[in-house]
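Read off the chains here:
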Amino acid sequence: MRCVSIFFAFLISANASAWNPFSNEALLDVALSKVELQKVKTNAGWAKDDEQTLIFEVSNGLSGPIQCGVANAELTNGKTVSKVFVPKFAIPSLATRNASMSVVKGTMKSYALTCSCYKKKGSDVCVNPLK
């Protein structure tokens, strides 16, 4: 039994970026390039009835799916608020998804989302890891 658990520990840790450890092709979870980021549109704002929750609207203009894992908001008082999305929220190709975090309206200076996609080793194209 110990051998099996060691096997799975090596399998999972051996380049943890691979989506499927039994796949023939290695997939890497990589940050979006500057050119790819230009095709991802992000809007942020508050609903009329909720001035505590910042809502992000992320539109993926890429040919493959992306996922976003962290949101950061720099506040006017110099502090930073962060939210880690577990699991990362996925945005299919040519689709829009929403996410939110707690930020009081009128206190935000700027915001940023950290997004990535899966790519086959040696490729520059985002691919669906489930296919």
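In this text the structure is predicted, and so the values were computed from the model without any measurement.

**Comments concerning the state of the cysteines**
Turning to step 1, where the next piece is worked out: Evaluation of the coordinates by the stated rule reveals two disulfides.
Turning to step 2, where the next piece is worked out: The residue that forms a disulfide with C117 is C126, at a sulfur-sulfur distance of 2.1 Å. Residues C117 and C126 are joined through a disulfide that is left-handed, its torsion about the S-S bond being -70 degrees.
Turning to step 3, where the next piece is worked out: Overall, the relative accessible area of 0% leaves C117 in the buried class.
Turning to step 4, where the next piece is worked out: Across the protein chain, the disulfide pattern expressed with sequentially numbered bonded cysteines is 1-2, 3-4.

**Section: the pattern of salt bridges**
Turning to step 1, where the next piece is worked out: Counted by the stated rule, this structure contains three salt bridges.
Turning to step 2, where the next piece is worked out: The closest approach of N and O atoms between K119 and E36, which form a salt bridge, is 2.9 Å. Within this pair, whereas K119 is found in strand β7 (residues 108–120), its partner E36 is found in helix α2 (residues 34–37), the two being separated by 83 residues in sequence.
Turning to step 3, where the next piece is worked out: For K119, a relative accessible area of 9% gives the class buried.

**Observations concerning the sheet that holds strand β6 (residues 95–102)**
Turning to step 1, where the next piece is worked out: Reading across from one edge, β2-β3-β6 is the order of the three strands in this open sheet, with antiparallel pairing throughout. Each edge of the open sheet carries a strand with a single partner, namely β2 (40–47) and β6. Looking at each pair of strands side by side, their axes are set apart by 25 degrees on average, direction ignored.
Turning to step 2, where the next piece is worked out: Bridge count for strand β3 (residues 50–60) against β6 is eight bridges, and the pairing is antiparallel. Bridge pairing in β6 links N60 to A95.

**Describing the packing of aromatic side chains**
Turning to step 1, where the next piece is worked out: Taken as a whole and assessed by the stated rule, the structure comprises two aromatic pairs.
Turning to step 2, where the next piece is worked out: Ring geometry for F56 and Y111: centres 5.5 Å apart, planes at 55 degrees, overall tilted. Of this pair, F56 sits in strand β3 while Y111 sits in strand β7, and the two are 55 residues apart along the sequence.
Turning to step 3, where the next piece is worked out: Taking 5.0 Å as the distance between ring centres and 85 degrees as the angle between the ring planes, the aromatic pair formed by F85 and F89 counts as edge-to-face. Residue F85 shares its accessibility class with F89, and that shared class is buried.

**Comments concerning the pairing of β7**
Turning to step 1, where the next piece is worked out: Where strand β1 (residues 27–31) and β7 come together, five bridges link them in antiparallel fashion. Each residue of the ladder has a partner; that of L27, found in β7, is K120.
Turning to step 2, where the next piece is worked out: Relative to β7, strand β4 (residues 66–75) runs antiparallel, the two being bridged by eight bridges. When the bridges of β7 are listed, C68 appears paired with C115.
Turning to step 3, where the next piece is worked out: With two bridges connecting them, β7 and strand β8 (residues 126–127) associate as antiparallel partners. Pairing of Y118 across the sheet is with V127, part of β8.
Turning to step 4, where the next piece is worked out: The loop that links β7 with its antiparallel partner β8 comprises five residues; one of these, G122, has a positive phi angle of about 85 degrees.

Criteria and cut-off values
- Residues numbered from 1 in each chain as written.
- Predicted model: local features only at pLDDT ≥ 70, side-chain atom pairs only at ≥ 80, totals over all residues.
- Heavy atoms only, no water.
- Disulfide = S-S within 2.5 Å.
- Buried < 20%, exposed > 50% of the residue type's maximum accessible area, 1.4 Å probe, protein only.
- Salt bridge = Lys/Arg side-chain N within 4 Å of Asp/Glu carboxyl O.
- Helix = DSSP H or I, 4+ residues; strand = E, 2+ residues; numbered from the N terminus.
- Pairing = 2+ DSSP bridges.
- Axes fitted to C-alpha atoms, helices over the stretch in contact; angles between N-to-C directions.
- Phe/Tyr/Trp six-rings, centres within 6.5 Å; stacked < 30°, edge-to-face > 60°.

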